[in-house]
Amino acid sequence: MNRRWMILGGTGLGVAAGWGIWSWFSRNRGRDANPPAPEPASAQPTPAPTPAPAKPEVTTAGPPKSSIREGLIKDPAVRESPEAAVARGTGLAWRKPQLAEVVTPDKWLAVRPLSEPGFAARAGSGVDITDAVFRAVVGERELASGPVVFAIRGAVSDRASNPYASGHRLTIVAPDHLNFCCTIGVWDPETKQLSTYAASTVPNRTAIVSSALGVQAANMLLPGVFDYVPGSHSNYKKYGFPFSIIGALRQNGPSGGAGSLKVLRATTPQGMQGASVSTTTDDNIHCAETPLLEPYDRFSSEGCLVVAGRYTPQEGHTGPWARFLKDGKFKGRSKVTVILANSTQLPVV
C-alpha cells in the first residue's frame, strides 16, 4: 500500500517537474522571439536645415516704368514759373540730344506767352461752358455719333479734372507754352453734360525755339470743328521706348480723319507772334507726358492737343488722361467730333 502511494507520488512529482520545465521553456522562447522594444532615446534638438544659397536677382532689360522723370508734374492745375522750370531741368538728359545745344536756357526763357487774340487783355475774366455754348459754336454742323471732344485755348479750371456736370466756369489765361493753360473735355449732346481736364493746345517752349532755329517744326492748330479718328500716337522705338500711345485721337487716321488742317508755324524763338500760316496732318490728341518730354517742359507737344497724364505699357493710362478716355468712349467709334475754340470767342462773364 505504501509502496503503491510512493509510486503514484513519484509519478506525480515527475509530471509536475516536467510541466514546470515545459512552462519555463515556453515563456523564455516567447521573450526571445519578441524582444522588448528599446527605450526611446533622449530628445535631441534637430539642427535647422541649411538654407540654399540665394539666387541673384535677374532684371529684365527694357524701357523704364515711367516715360518721364518721377514727380515732375505733381498737380497740373498748379503753375510753375519759367525760372523754376529751368532750375528743375538743368542737368537732366535731353530726349533729343540735338536740342540741348540749340535750346539754351536764355532762348527758352525768352519765349513770350500768347497774347493774341485778346488773351492778355481778358486775363482773369470768367467763361461758362455749357451745352448751349457748344451748340452755338458748332451751329448746323453735323456731329459724329457719341460724345464730342472740346478744347478751349487759354482757359483753365482751378482743378486738374472736373466730372460730368451741366456746366463749368473757367478763367481766361494767356498760354505761356509751359503750363497747362488750356482745357480739354468731353461734351455729351444727349445728356447735355460736360467734363473738363487740364490740358494744352499750344506747342511747348522747346518746340518753339527749335522750330525757329530750323530743327523741328512747331505748329498751333487754328480754331474750328473737325472729325478725328481713334488710334495711336507715334512710336518711340528709336528713343528706347518700344510702344505707342494707345487711345489717342488722330488728325489723319486710316479712314481719313480731319485731313490737312491750317496751323500757325513758329518762326521766331520769342513765341507764336508773327508765325507763318501752314498746314499739317500730324497734330493729334494724346496724353501730355511722353518719352519726348524735354527737361524744362511740363507737357510734350510740337503742335498736338494734349491732356495732363501719361500712358506706359506698365502703368496703363494715368492721371486726367485716363478719366478723359473713360468719358470720351472712343473705343469702337469710327470718328469723333473735335471742337477747338479760343476762350475769347466764348461769352465772358
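Keep in mind the model is a prediction, meaning the values are calculated, not measured.

So, on to the sheet that holds strand β8 (residues 219-221). Spatially, 3 strands are ordered β8-β11-β12 in an open sheet, and the strand pairing comes out antiparallel. Looking at the sheet topology across the chains shown, the edges are occupied by β8 and β12 (276-280). Here the strands of the sheet are splayed against their neighbours by 45° on average, with no regard to which way each runs.

Let us now look at the environment of Leu346. Along the chain, Leu346 turns up in the segment after β16 (336-342). Here Leu346 falls in the buried class, since its relative accessible area comes to 4%. Through-space distance from the C-alpha of Leu346 to that of Ile129 is 8.1 Å; in sequence the pair is 217 residues apart. Each residue touching Leu346, except ones within four places of it in the same chain, is listed here: Val127, Ile129, Val133, Val137 and Ile152.

Let us look at the environment of Asn204. Examined against the element boundaries, Asn204 turns out to sit in the loop between β7 (193-200) and α7 (205-212). Linking Asn204 and Arg298, residues 94 residues apart in sequence, is a C-alpha distance of 8.2 Å. Excluding residues within four positions of it along the chain, Asn204 makes contact with His177, Asp297, Phe299, Ser300 and Ser301.

One pass over the full model with this rule turns up 9 aromatic pairs. Ring geometry for Phe180 versus Phe299: centroids 6.0 Å apart, planes at 50°, classification tilted. Taken together, the residues Phe180 in the loop between β5 (167-172) and β6 (182-188) and Phe299 in the loop between β13 (285-289) and β14 (305-312) connect sequence positions 119 residues apart. Comparing Phe180 with Phe299, the two get one shared label, buried. For the ring pair Phe243 and Tyr311, a centre distance of 6.0 Å and an interplane angle of 75° mean the geometry is edge-to-face. You can see Phe243 sitting in the loop between β9 (224-233) and β10 (245-250) and its partner Tyr311 sitting in strand β14, a full 68 residues away along the chain. Each member of the pair, Phe243 together with Tyr311, is buried.

In a beta sheet, neighbouring strands pair by backbone hydrogen bonds and run either parallel or antiparallel. Taken in spatial order, the 3 strands line up as β1-β5-β3 in an open sheet, and their pairing is antiparallel. Sheet topology places β1 (126-130) and β3 (155-156) at the edges, where each strand pairs with a single neighbour. Pairing between β3 and β5: 2 bridges, direction antiparallel. Within β5, the residue paired with Val156 across the bridge is Thr171.

Our next topic: the pattern of salt bridges. Under the defined criterion, the tally for this structure stands at 8 salt bridges. The partner of Asp227 in a salt bridge is Arg141, and the shortest N-O contact between them spans 3.8 Å. Placement of Asp227 in strand β9 and of Arg141 in the loop between α6 (131-138) and β2 (148-153) is noted, with a sequence separation of 86 residues between them. A salt bridge links Arg310 to Glu315; the shortest N-O distance between them is 2.8 Å. Relative accessible area serves as the criterion here: at 26%, Glu315 is assigned to the partly exposed category. Because the salt bridges share partners, they merge into one network encompassing Glu80, Arg88 and Arg298.

Before going further, it helps to examine the side chain of Ser211. Relative to the elements of secondary structure, Ser211 occurs in helix α7. Under the relative-accessibility criterion, Ser211 is labelled buried at 12%. Leaving out residues up to four positions away in the same chain, Ser211 has contacts with Gln216, Ala217, Ala218, Arg265 and Ala266.

What follows covers the environment of Ala165. Residue placement: Ala165 occurs in strand β4 (residues 161-165). Overall, the relative accessible area of 22% leaves Ala165 in the partly exposed class. Once residues within four sequence positions are removed from consideration, Ala165 is found in contact with Lys192, Gln193 and Leu194.

What follows deals with the side chain of Asp227. Among the residues examined, Asp227 registers a relative accessible area of 17% and is labelled buried. Polar contacts involving the side chain of Asp227 include one to the side chain of Thr337, which spans 3.1 Å. Other than its neighbours up to four places away in sequence, Asp227 contacts Arg141, Ala144, Gly257, Ala258, Lys335, Val336 and Thr337.

Moving on, we come to unusual backbone geometry. In the segment running from Glu116 into Pro117, the intervening peptide bond is cis, with an omega of 0°. Among the secondary structure elements, Pro117 is positioned in the loop between α4 (105-109) and α5 (119-122). For Lys192, which is not glycine, the phi torsion reads 65° and is therefore positive. If you trace the backbone, Lys192 turns up in the loop between β6 and β7. Residue Lys329 is not a glycine yet carries a positive backbone phi of 50°. Within the secondary structure, Lys329 sits in the loop between α8 (320-328) and β16.

About the criteria used
- Residues numbered from 1 in each chain as written.
- Predicted model: local features only at pLDDT ≥ 70, side-chain atom pairs only at ≥ 80, totals over all residues.
- Heavy atoms only, no water.
- Pairing = 2+ DSSP bridges.
- Helix = DSSP H or I, 4+ residues; strand = E, 2+ residues; numbered from the N terminus.
- Axes fitted to C-alpha atoms, helices over the stretch in contact; angles between N-to-C directions.
- Buried < 20%, exposed > 50% of the residue type's maximum accessible area, 1.4 Å probe, protein only.
- Contact = heavy atoms within 4.5 Å.
- Phe/Tyr/Trp six-rings, centres within 6.5 Å; stacked < 30°, edge-to-face > 60°.
- Salt bridge = Lys/Arg side-chain N within 4 Å of Asp/Glu carboxyl O.
- Polar contact = N/O pair within 3.5 Å; in protein donor to acceptor, adjacent residues only side chain to side chain.

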